[in-house]
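# Structural description and commentary
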Amino acid sequence: MTIVNRQYNYIFIHVPKAAGKSVKQHLTRYTYGNIGRYRMQLGFALDALGSYASARPALDRLLPRLAGIGSDAQLRNYCLQQQLSSGAHLHAQQVCELLGEKQFSAMFSFAVVRNPWDRCLSAYFYLRDKPLHPLHEAASTLSFEGFVQAMECGDIPHMGQQALWLCDKQGQLLVDLCARVESIANDMARVNDAIGLRGCPFQARTNVSEKRDRSYRKHYTEKAADIVSRLMQLDIELFDYAY
């Protein structure tokens, strides 16, 4: 779920497969009270359900619009108006539009980005580990090279470049800070300073899908690396990543 917290005056844009769960856990722990924390955790679960359902039309039609439950009221209303199945991964441009440019600019906005090659590998293992996910079967029957080939051919939906979540239509970054998975502890200390948190250390959680050899290069063939270079070219250039 995208987080808009007016008390601490921040916006968190959750880019898929870039430490979002760890960051949301940190933010809900330290910037919400008990009731607010419960509402947010409920919202996270319902957004995840909505994401799964959106890829299954028969199920999606049966479910009420759950997106944004537990979140900021303005964000929730936007999700309802747009008939979104999930508010988990709203783009910065969408949040800017729903809040208005003046309000968006007045709040501290941030996101976390990740090395594109590592992120694609993380998505692969994530899908293989989630039996209920619509893409689980496809990921489970493919090698990693086959998985990125299927992404390039369009047989598996493209997970999307991170820049699409964070830039406006002219390609300009909208958020104030892009933290990096590779330096997450130091970068989240900068976030803490920006939103007024003191003595609240960030602790990264580990997804089940992340319990693999941490050197992503060991999983790549030259062909797979080249495919990701093409698919994620904008991210590589904008965030200055290298294989």
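Higher on the page you've got the structure.
No experiment lies behind these values; they were computed from the predicted model shown.

## Some details on unusual backbone geometry
At Ala-19, a position not held by glycine, the phi torsion is positive, near 65 degrees. Topologically, Ala-19 is positioned in the loop between β2 (10–13) and α1 (20–31). Phi at Asp-240 is positive, roughly 60 degrees, even though this residue is not glycine. Assignment of secondary structure puts Asp-240 in the segment after α13 (233–238).

## Quick look at the environment of Val-112
Along the chain, Val-112 turns up in strand β3 (residues 108–113). Between the C-alpha atom of Val-112 and that of Ser-183, which follows or precedes it by 71 residues, the distance is 9.9 Å.

## Looking at helix α9 (residues 144–153)
Three or more residues of α9 are buried, namely Phe-144, Gly-146, Phe-147, Val-148, Ala-150 and Met-151. Those residues of α9 that are buried lie in contact with α7 (116–128), α8 (136–140) and α12 (222–231). Looking at the residues trailing α9, positive phi occurs at Gly-154, about 90 degrees.

What counts and what doesn't
- Counting of residues starts from 1 at the beginning of each chain's written sequence and follows it residue by residue.
- Selection of residues for local features in this predicted model requires a pLDDT of at least 70, selection of side-chain atom pairs for listing and counting requires 80 or more, and totals for whole chains, interfaces and linings are taken over all residues.
- Side-chain measures here rest on the full set of heavy atoms in the structure, leaving out hydrogens and waters.
- Helix and strand definitions here come from DSSP, where helices need a minimum of 4 consecutive H or I residues and strands a minimum of 2 consecutive E residues; each element is numbered from the N-terminal end.
- Whether a residue is buried, partly exposed or exposed follows from its accessible area with a 1.4 Å probe, protein chains only, as a fraction of its type maximum: under 20%, in between, or over 50%, in that order.
- By the convention used here, residues are in contact when the closest approach between their heavy atoms is within 4.5 Å.

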